[in-house]
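# Coordinate inspection notes
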Amino acid sequence: MAAPYELSDDSVVVVIGSGAGGGTLGNELAQKGIDTVILEAGGRHEFTDFINDEWGSFGQLAWLDNRTTSGDWRVSRDFPNLPAWIVKAVGGSTTHWAGASLRFQEHELRVLSEYGAVEGANLLDWPITLADLEPYYDKAEKKMRVTRTHDLPGLPGNNNYKIMEAGAKKLGYKEVHTGRMAINSVDDDRPMCQQSGFCFQGCKFSAKWSTLYTEIPEGEETGKLEVRANAHVLKIEHDDSGKVSGVVYADKDGNQHRQAARAVCVAGNSIESPRMLLNSASSQFPDGLANSSGQVGKNYMRHMTGSVYAVFDKPVNFYRGTTMAGIISDEARNNPKRGFVGGYEMETLALGLPFMAAFLNPGAWGREFTAALDMYDHMAGMWIVGEDMPQESNAISLHDELKDAHGMPIPNVHFTDHPNDVAMRNHAYGQGSAVYDAVGATATYPTPPYPSTHNLGTNRMSAKPEDGVVNKFGQTHDIANLFISDGSQFTTGAAENPTLTIVTLAIRQADYIAEQMSQGAI
Amino acid sequence: MRVLNKQEAISRRGFLTGAGGMALITASGAVLSPSQGWAVEVKALKPETMATLIQMARDIYPHDRLADKFYAKAVKTHDETAAKDSAHKQLIEDGVAYIDSRTEVRHKVAGYRALGWEADRAAMLRLIEDQAFFQALRGGLVVGLYNQKEIWPMFGYEGASADQGGYIERGFDDLDWV
Ligand SMILES: Cc1cc2nc3c(=O)[nH]c(=O)nc-3n(C[C@H](O)[C@H](O)[C@H](O)COP(=O)(O)OP(=O)(O)OC[C@H]3O[C@@H](n4cnc5c(N)ncnc54)[C@H](O)[C@@H]3O)c2cc1C
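In every chain, residue numbers begin from 1 and rise along the written sequence. Following the order in which they are written, the chains are lettered starting with A and the ligands numbered starting with 1. Local features in this predicted model are restricted to residues of pLDDT 70 or higher, and side-chain atom pairs are both shown and tallied only at a pLDDT of 80 or more, whereas totals for entire chains, interfaces and linings draw on every residue. The side-chain values count all of the structure's non-hydrogen atoms but skip hydrogen atoms and water molecules.

With that settled, the discussion passes to the overall build of chain A. Each helix corresponds to a stretch of at least 4 residues labelled H or I by DSSP, and each strand to a stretch of at least 2 residues labelled E; elements are numbered beginning at the N terminus. Counting its secondary structure elements, chain A contains 12 helices and 17 strands. Looking at the 522 residues of chain A, the share that counts as buried comes to 66%. The contact criterion used is simple: two residues touch if any of their non-hydrogen atoms lie within 4.5 Å. Excluding contacts between residues fewer than 6 apart, the proportion of contacts in chain A whose partners are at least 24 apart in sequence is 75%. When a residue's accessible area, from a 1.4 Å probe over protein chains only, is under 20% of the maximum for its type it is buried; when over 50% it is exposed; and in between it is partly exposed.

What follows is about the side chain of Arg170(B). Mapped onto the secondary structure, Arg170(B) falls in the segment after α7 (152-155). In this structure, Arg170(B) is in contact with Arg320(A), Arg2(B), Glu158(B), Ser161(B) and Gln164(B), ignoring residues within four places of it in sequence.

Here we take up the sheet that holds strand β4 (residues 176-177) of chain A. Residues and elements named next belong to chain A. In spatial order, the strands read β4-β11-β12-β13-β10-β16; together these 6 strands make up an open sheet with antiparallel pairing. Of all strands in the sheet, those with a lone pairing partner are β4 and β16 (443-447), marking the two edges. Summarising the sheet, strand β11 (residues 327-328) and strand β12 (residues 344-348) pair through 2 bridges and their orientation is antiparallel. Residue pairing for β12: Ile 327 is matched across the bridge by Glu 347. Paired strands, as defined in this entry, are two strands with at least two bridges between them according to DSSP.

This part takes up the pattern of salt bridges. We define a salt bridge as a contact between a side-chain nitrogen of Lys or Arg and a carboxyl oxygen of Asp or Glu at a distance within 4 Å. Applying the stated criterion to the full structure yields 38 salt bridges over all chains. As a salt-bridge pair, Asp138(A) and Arg103(A) come within 2.7 Å of each other at their nearest N and O atoms. Placement of the pair is Asp138(A) in helix α5 (residues 130-144) and Arg103(A) in the loop between α3 (74-78) and α4 (111-115), with a sequence separation of 35 residues. Judged by its relative accessible area of 28%, Asp138(A) is partly exposed. Given the relative accessible area of 26%, Arg103(A) is considered partly exposed. For Asp64(B), the salt bridge is made with Arg367(A), and the minimal N-O distance between the two is 3.0 Å. Taken together, the residues span two chains, with Asp64(B) in the loop between α2 (47-60) and α3 (68-84) and Arg367(A) in helix α10 (residues 367-374). Residue classification places Asp64(B) among the exposed positions, given a relative accessible area of 58%. Each of Arg320(A), Arg2(B), Glu158(B), Arg170(B) and Asp174(B) takes part in one network of salt bridges that share partners.

Our focus in this paragraph is the environment of Pro449(A). Residues and elements named next belong to chain A. Position of Pro 449 among the secondary structure elements: in the loop between β16 and β17 (482-484). Spatially, the C-alpha atom of Pro 449 lies 27 Å from that of Glu 106, the residues being 343 residues apart in sequence. Among residues more than four places away in sequence, those in contact with Pro 449 are Val 75, Arg 302, Thr 305, Gly 306, Arg 425 and Tyr 429.

Quick look at the structure:
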């Protein structure tokens, strides 16, 4: 029942990207009867097509178009052309994601007030409060069936969780459980988690929420949503009045088309979204669309991350079961006595052998490295994820020379840790190791950050137009019918995994767009 | 707990013949291991070069439970690439020749493979770890070695699980020792 729309139909809302932000927004708009076209650069792979194989799945779903990197981060040295691990497919990164779904803490929406100015950090309060978000968080959690919310039970703990929980309790941590996960803990129209251990490769049981098989088919069923796969947007166009009027995209054969639009919502994740705005520069907007503040592409955040893997004298088999259903939240609060502002979460994590070899200590070799891998089935592991500091110099910019297959400049991703990020990571490495030492680890490995899975902040939300790119509804300050609908809206990153908040903002934005349309404002 | 048998499921003949995994080079230009029953045809590279690459691969990622054939399979791609790409062929041949000559000067033995201790060979590799030859060799091994499904059970990794219904009935929470 998917509605096909004419290229010349200028009554449609065009959403760019079908991931957490775009897929959700597209469905929400369609549910309200608004004609919506989602343009998605990647192909459509249904969950039955997913591959239980790390590199195989990566080849099937990941965004592999060339990107470059700069800055002091180690990713730039180890993976110079892979700054981010995100997806190019219908469903976006919600195909690969682990499902950890946490609300922000109240103070995390006003960190400048809470932490005070931090040297070198471009901190700003969000123009919205937790109270503004709460009703939408409720909707998002229900939609995504987040465990431990709205009376849904938690997932059972796997072997990796059992180790983490035992260690955490010995250390006196209190907030320890199997997480709030957008993974079914009970059967409904999708099955409950079968503990396959391949959350990162796309859930072959569809137990994990992904826009691919929830939002998108629901939207299509209304007859008001068309999802056009293999449609890679190159440019957003505007008319003489400065309103956006359509987008130019390339199909899978490289042929270019122009889809007219009443409004455009950009949800290509935090590298591609600013890239599209910058690549859409015109004589009227020489610095790119919606960039009067100069903040498009700036303040790139990727969360303070790292992992701690630990080896035990007995087997763990941590690759079995839900990848990330386990959390310690005691360190998530702001307690500057630890030597840094903000906080972090500790979440269970397991990789298969192929990814462990690639990511445990990239570039390392020799017997010290293989001694660790030889104990693969005796390993437990956790990911640490905390708030990083927005810095104006951490930025997505257009490459001076290199172009993609369609002739558009490719993005460069520049990132250097803030001293606060480094202090927090070191603290987290210490605490993570202590958790495992408390239950008899024979070795622990403080593992460096992977290519970014959480990409945030590059079109940030601000009360004042001079401080950021969008207002409190994700509407660009400069162009009334141009919206940002993904994690690039984030003013700051908070300690929590971002997707629940991206979905929450998208639901809220859909209400606002519908209201603006009915008022004739856009 | 359900734990895996990490022994490789092959005929035991290789182990019974006793001899270590020293690779031989045949006149027809193959590298083979009579004791372990495998052989690699070499098309573009010198057979001696292939034998050295196999040794280097083991020295880069030494896993004593893995037979040489897995390392041979992992580096064989360099021969295939060399057959199509003369620059790659030169990178590999020059890289091996360079390290052989450095080894002869330093240790007075007939090249890299003649050096008896892994620690000494690894020290030779450390000298070139920033060079393109080493980067190509090590970089290729990360996927070329660890993505061979045959070796996964030897690390206790079971690979795909959805076709078996996941681990819900197969030990996702069978840890009984904490
Ligand atoms: C391995 C992994 C694990 C993760 N685990 C978690 C977790 O547990 N919890 C959590 O909160 N988050 C997690 N994340 C992050 C989560 O996936 C992202 O935060 C979220 O999907 C971002 O939503 P988005 O809408 O901004 O972008 P995406 O979901 O990445 O969607 C963007 C879409 O836009 C498309 N696109 C980009 N450019 C164009 C263009 N020019 N034209 C057309 N289409 C375009 C892309 O192809 C993509 O499909 C994880 C991510 C990964 C990779």
